[in-house]
Amino acid sequence: MGGNFDRSLNTKETSFHEIPIVDLAPLIEGTDPLKVAREIGDICENIGFLYVKNHGVSKQLIEEAYAMSKAFFALPYEDKEKLNIARSGCTLRGYVPMYTENADPKNTKDFKECFDFGKHCDEVSPFFGPNPIPEKVERFREVFDNYHEAMMTLARKLISAIALSLDLPADYFERLQRKPITIQRLSYYPTQRGEITLGEIGTGAHTDYGFLTILSQDSNGGLQVQNRDGEWVSAPPVEDAFIVNIGDLVQTFTNDRYIATVHRVINVSGNARYSIPFFIDLDFDAVVEVVPTCVSPSNPAKYEPYVCGKYKYERFLDTYTHLQVERAGITEPA
């Protein structure tokens, strides 16, 4: 999915108005969710990325999350290495060192470090399990438990709007998201200087594998979105707003009515860039298939049904170097 990517470094510098801002207050407060749903649906058809304001997430919580993130990445390498994602087995949680995840592996080495976790689970299964915690960062668990909960609340509101935009009941996707795969990620991008080539950039060109992404980014910018003409458009930070984009699952559900948009990161700001993306998918064993409102006799389904967790794991096999070495088998959770 996502087609052939234009991998040039030519970027169209534009104002943020080219990626629309949606006021979520009527959705969050319940005063006019259909209005917001129509806006989001139109954007998903034409752009796939939007800014959202009045989202209901505390500014203090976001600031605390950034403080925790910066404290973690400032730890000595040996402390971070103890939490290496390669040690987490199929849960795929922990520290992602430089160059060990590559979103566009045939063309680019990703110049970034990450830390991945999710909702804590005692039982281990693909994408689920206990969270590795950097004990030297005080309040890390508390802050990110709260942040993950806030993201879940916001995500469910946004997903209900997507359902409404497709003329489906607001709770249509809830049956597939009783225990959804989620990844709460912290990202650190050192600045790049000198001659920049596509062989090494912050994150290579890709579409997101899941259902929905909610991104907080700092003031340094670097996110670039590919528009329908193949041009790379800057997506600069907007104060008190998240960036939201849809992933491959939504493209399948909508039979290509909504398109997962290709994006990448190149940090040439002169400063370290920090971002906090939240990814939500479906339950591991949920079946992804075109919804009834997106098919007709003249527009039959373009996709065969597939299982969410298996699809996501296959995509991870393409991007994580330690999984390519292991080529581990996959066991569905009970």
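Position numbers for residues start from 1 in each chain and track the written sequence from start to end. Two thresholds apply to this predicted model, a pLDDT of at least 70 for residue-level local features and 80 or more for giving and counting side-chain atom pairs, whereas whole-chain, interface and lining totals are computed over all residues. Side-chain metrics rest on all non-hydrogen atoms present in the structure, leaving aside hydrogens and water.

## Topic: the packing of helix 2 (residues 33-46) against helix 5 (residues 140-165)
In a packed pair of helices, the relevant descriptors are the angle between the two axes and the axis-to-axis distance. Where helix 2 meets helix 5, the axes come as close as 8 Å, and the angle between the chain directions of the two elements is 80°. Classed by the angle they form, the pair helix 2 and helix 5 counts as roughly perpendicular. Where helix 2 approaches helix 5, its residues Pro 33, Leu 34, Ala 37, Ile 40 and Gly 41 are matched on the opposing element by Leu 158, Ala 161, Ile 162, Leu 164 and Ser 165. Residues are grouped as follows: Ala, Val, Leu, Ile, Met, Phe, Trp, Tyr, Cys and Pro are nonpolar; Asp, Glu, Lys and Arg are charged; all remaining types, including Gly, are polar. Partitioned by chemical class, the residues of the contact of helix 2 with helix 5 number 8 nonpolar, 2 polar and no charged. Lines are fitted to the C-alpha atoms to define the axes, a helix being fitted only along its stretch in contact, and any angle between axes, read from their N-to-C directions, falls within 0 to 180 degrees. In this description a helix means any DSSP run of H or I spanning at least four residues, a strand means any run of E spanning at least two, and both kinds are numbered starting from the N terminus. Convention used here: angles under 35 degrees read as roughly parallel, angles over 145 as roughly antiparallel, angles from 65 to 115 as roughly perpendicular, and any remaining angle as oblique. The contact rule is simple, with two residues in contact once any of their heavy atoms fall within 4.5 Å.

## Observations concerning the pairing of strand 6 (residues 113-117)
Throughout this description, buried means an accessible area under 20% of the type-specific maximum (1.4 Å probe, protein chains only), exposed means over 50%, and partly exposed covers the range between. In terms of burial, strand 6 is a largely internal element, 5 of the 5 residues being buried. Neither face of strand 6 is exposed, since Glu 113, Phe 115 and Phe 117 on one face and Cys 114 and Asp 116 on the opposite face are all buried. In this structure, strand 4 (residues 94-96) lies alongside strand 6, joined through 3 bridges in antiparallel fashion. Bridge assignment links Gly 94 to a residue of strand 6, and that residue is Asp 116. Two strands make a pair as long as DSSP finds a minimum of two bridges between them.

## So, the confidence of the model for the chain
Averaged over all residues, the pLDDT of the chain is 91; the fraction at 70 or higher stands at 91%. pLDDT is a per-residue confidence score from the predictor, ranging from 0 to 100. With pLDDT under 50 throughout, residues 13-17 is counted as low confidence; its partners more than four residues away or in other chains account for 7 contacts. For the stretch residues 330-334, pLDDT sits under 50, and the model shows 11 contacts to residues farther than four places along the chain or on other chains.

## Quick notes on the packing of helix 3 (residues 59-73) against helix 5
Close contact between helix 3 and helix 5 brings their axes to 10 Å; oriented N to C, the two are set at 130°. On the basis of their axis angle, the class for helix 3 and helix 5 is oblique. The two elements helix 3 and helix 5 meet at a crossing, and its hand is left-handed. Residue-level contacts link Leu 61, Ile 62, Glu 64, Ala 65, Met 68, Ser 69 and Phe 72 of helix 3 to Phe 140, Val 143, Phe 144, Asn 146, Tyr 147 and Ala 150 of helix 5. Across the contact of helix 3 with helix 5, the residue classes break down as 10 nonpolar, 2 polar and 1 charged. Crossing handedness is read from the near helix: turned anticlockwise from the far helix by less than a right angle, it gives a left-handed crossing, and turned clockwise, a right-handed one.

## Overview of the sheet that holds strand 3 (residues 49-53)
Reading across the sheet, the 8 strands line up as 2-3-13-10-15-7-6-4 and stay open at both edges, with mixed pairing between neighbours. Two strands bound the open sheet, and with one partner strand each, they are strand 2 (21-23) and strand 4. Averaged over all pairs of adjacent strands, the angle between their axes in this sheet comes to 25°, without regard to strand direction. Pairing analysis gives 3 bridges linking strand 2 to strand 3, with the strands arranged parallel. Residue pairing across strands places Ile 21 opposite Tyr 51, the latter belonging to strand 3. The strands that helix 3 touches are strand 4, strand 6, strand 7 (180-189), strand 10 (212-217), strand 13 (242-246) and strand 15 (273-283); relative to strand 15, the one it contacts most, it runs at about 105°.

## What about the pattern of salt bridges?
Salt-bridge detection follows one rule: a side-chain nitrogen of Lys or Arg within 4 Å of a carboxyl oxygen of Asp or Glu. Applying the stated criterion to the full structure yields 16 salt bridges. Among the salt bridges present, the one from Asp 240 reaches Lys 59, with a minimum N-O distance of 3.8 Å. In this pair, Asp 240 sits in the loop between strand 12 (232-234) and strand 13 while Lys 59 sits in helix 3, placing the two residues 181 residues apart along the sequence. For Lys 59, a relative accessible area of 46% corresponds to the partly exposed category. Salt-bridge contacts for Glu 101 lead to Lys 112; the nearest nitrogen and oxygen are separated by 3.0 Å. With Glu 101 in the loop between strand 4 and strand 5 (109-110) and Lys 112 in the loop between strand 5 and strand 6, the pair connects residues that are 11 residues apart, well separated along the chain.

## What about helix 5?
Multiply 1.5 Å by the residue count of a helix minus one, and that product is the helix's expected span. Taking 1.5 Å as the rise per residue, helix 5 with 26 residues should run 38 Å; its terminal C-alpha atoms sit 37 Å apart, in good agreement. Directly beyond the C-terminal end of helix 5, a positive phi value near 60° is found at Asp 167.

## Here's the deal with the nonpolar core
The nonpolar side chains of soluble globular proteins are, as a tendency, buried together. In this text, buried Ala, Val, Leu, Ile, Met, Phe, Trp, Tyr and Cys residues form a nonpolar core when linked through side-chain atoms within 4.5 Å. With 85 residues, the main nonpolar core has Ile 40, Phe 140, Phe 173, Phe 211, Leu 212 and Ile 214 as its most contacted residues. Looking at this core, the element that brings in the most residues is helix 5, giving 14 residues. Those residues in contact with Phe 140 that sit more than four places away from it in its chain are Met 68, Phe 72, Phe 115, Phe 117, Ile 133, Pro 134 and Leu 186. Grouped together as the second largest cluster of nonpolar side chains are 12 residues, Ile 19, Tyr 189, Val 225 and Val 238 included.

## Details of the packing of aromatic side chains
Ring pairs (aromatic) are described by centroid distance and by the angle formed between their planes. Under the pairing criterion, centres of Phe, Tyr and Trp rings, with the six-membered ring standing for Trp, must be within 6.5 Å; the plane angle then separates stacked pairs below 30 degrees from edge-to-face pairs above 60, leaving the rest tilted. If you walk through the whole model with that rule in mind, you get 23 aromatic pairs. Ring geometry for Phe 73 against Tyr 274: centres 6.5 Å apart, planes inclined by 45°, an arrangement best described as tilted. Of the two residues, Phe 73 sits in helix 3 while Tyr 274 sits in strand 15, which places them 201 residues apart along the sequence. For the pair formed by Phe 73 and Tyr 274, the shared burial category is buried. Note on Phe 211 and Phe 253: the rings are 6.0 Å apart at their centroids and 55° apart in plane angle, and the pair reads as tilted. Taken together, the positions of Phe 211 in the loop between strand 9 (203-206) and strand 10 and Phe 253 in helix 6 (residues 248-253) put the pair 42 residues apart, joining distant regions of the chain.

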